[in-house]
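Structural characterization, general
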Amino acid sequence: MGLETEKQRWDRNFTDLLQELRVAQTGVQILFAFLLIMPFSAAFEETTRLQRTVYLVALLTAAFAAAAIISPVAFHRALFRRGRKPELVRFAHRMATTGLACLMVSMIASILLITDFTLPRPVAWSLTGAAALWFVTLWGVLPWARRGGDRNDPGRHLTAREVADRVNGAARR
């Protein structure tokens with residue numbers, strides 16, 4: 001791997017973030033569409049007050065996730081060709097993290113809504129708790145555990161040389 005300039009690194013970071021957001025955005029859009037049509041089904045009239053509250057949580061957090069995940073596009077348009085790619089990448093990173101958190105809440109609420117509607121309440125809550133634990137583990141615990149110690153301080157950016165050394169070191173193992 002050759003050394004990249006600071007500008008190339010920010011461009012690569014932004015491209016990587018956009019690829020991640022494309023994956024998340026598709027999931028958010030499908031979930032949001034499902035939640036938007038749900039009240040128009042005949043069975044929605046049978047929902048309890050709790051289920052309607054859970055539905056609203058799912059709907060609103062899906063909307064918040066969509067807004068957060070799409071917001072880097074608006075930010076990019078506002079900063080286009082202004083030489084502020086580092087600011088854009090930091091903002092996109094925060095919005096991706098926020099969007100994923102909202103998406104997780106929306107998905108867990110959707111699971112609770114559907115399982116509570118179709119199964120006995122104790123089973124629904126148990127399954128939803130298991131799903132929530134799964135999401136938190138895969139989207140939170142494992143990624144944060146892999147970050148390592150202070151060598152990965154989020155306030156410190158790696159130089160191109162440090163990135164190359166890490167990549168080359170990992171390739172040799």
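Description of the structure in this document. Just so you know, these numbers come straight off a predicted model, no measurement behind them.

What about the packing of aromatic side chains?
Tallied over the entire structure, the rule returns three aromatic pairs. Residues Phe 75 and Phe 91 carry aromatic rings whose centres are separated by 4.0 Å and whose planes lie at 10° to one another, so their mutual orientation is stacked. Taken as a pair, Phe 75 in helix α2 (residues 49-79) and Phe 91 in helix α3 (residues 85-118) lie far apart in primary sequence, 16 residues in all. Its relative accessible area of 21% is what places Phe 75 among the partly exposed residues. Aromatic pair Phe 135 and Trp 139: ring centres 5.1 Å apart, planes at 90°, arrangement edge-to-face. Taken as a pair, Phe 135 and Trp 139 lie in helix α4 (residues 121-145) at a separation of four residues, close to a single helical turn. A relative accessible area of 36% places Trp 139 in the partly exposed class.

As for the packing of helix α1 (residues 6-37) against α3
Between two packed helices, what matters for the description is the angle formed by their axes and the separation of those axes. Where α1 contacts α3, the two axes come as close as 10 Å, and the packing angle between them is 25°. As far as their axial angle goes, α3 and α1 are roughly parallel. Crossing angle aside, the handedness with which α1 passes α3 is left-handed. Its residues placed into classes, the contact of α1 with α3 shows 18 nonpolar, four polar and three charged.

Quick word on α4
Under the 1.5 Å per step criterion, the end-to-end length of α4 is 34 Å for 25 residues, consistent within 8% with the ideal 36 Å. Within α4 the residues assigned to the buried category are Ala 124, Thr 128, Ala 131, Ala 132, Phe 135 and Gly 140.

Side note on the layout of surface pockets
Volume-wise, the second largest pocket comes out at about 220 Å³. Lining the second largest pocket are 14 residues; nearest its centre among them are Asp 11, Arg 81, Gly 83, Arg 84 and Lys 85. Taken together, the elements giving at least two residues each to the lining of the second largest pocket come down to α1, α2 and α3. In terms of residue count, α1 provides more of the lining of the second largest pocket than any other element does, four residues in total. For the lining of the second largest pocket, the residue count by class is five nonpolar, two polar and seven charged.

What counts, and where the lines are drawn
Residues numbered from 1 in each chain as written. Predicted model: local features only at pLDDT ≥ 70, side-chain atom pairs only at ≥ 80, totals over all residues. Heavy atoms only, no water. Phe/Tyr/Trp six-rings, centres within 6.5 Å; stacked < 30°, edge-to-face > 60°. Helix = DSSP H or I, 4+ residues; strand = E, 2+ residues; numbered from the N terminus. Buried < 20%, exposed > 50% of the residue type's maximum accessible area, 1.4 Å probe, protein only. Axes fitted to C-alpha atoms, helices over the stretch in contact; angles between N-to-C directions. Parallel < 35°, antiparallel > 145°, perpendicular 65-115°, else oblique. Left-handed = near helix turned anticlockwise from the far one by under 90°. Nonpolar A, V, L, I, M, F, W, Y, C, P; charged D, E, K, R; others polar. Expected span 1.5 Å × (residues − 1). 1 Å grid on protein atoms, 1.4 Å probe; cavity = no way out; pocket = protein on both sides within 12 Å on 5 of 7 lines; lining within 4 Å. Points joined across faces, edges and corners; volume = space filled by probe spheres on them.

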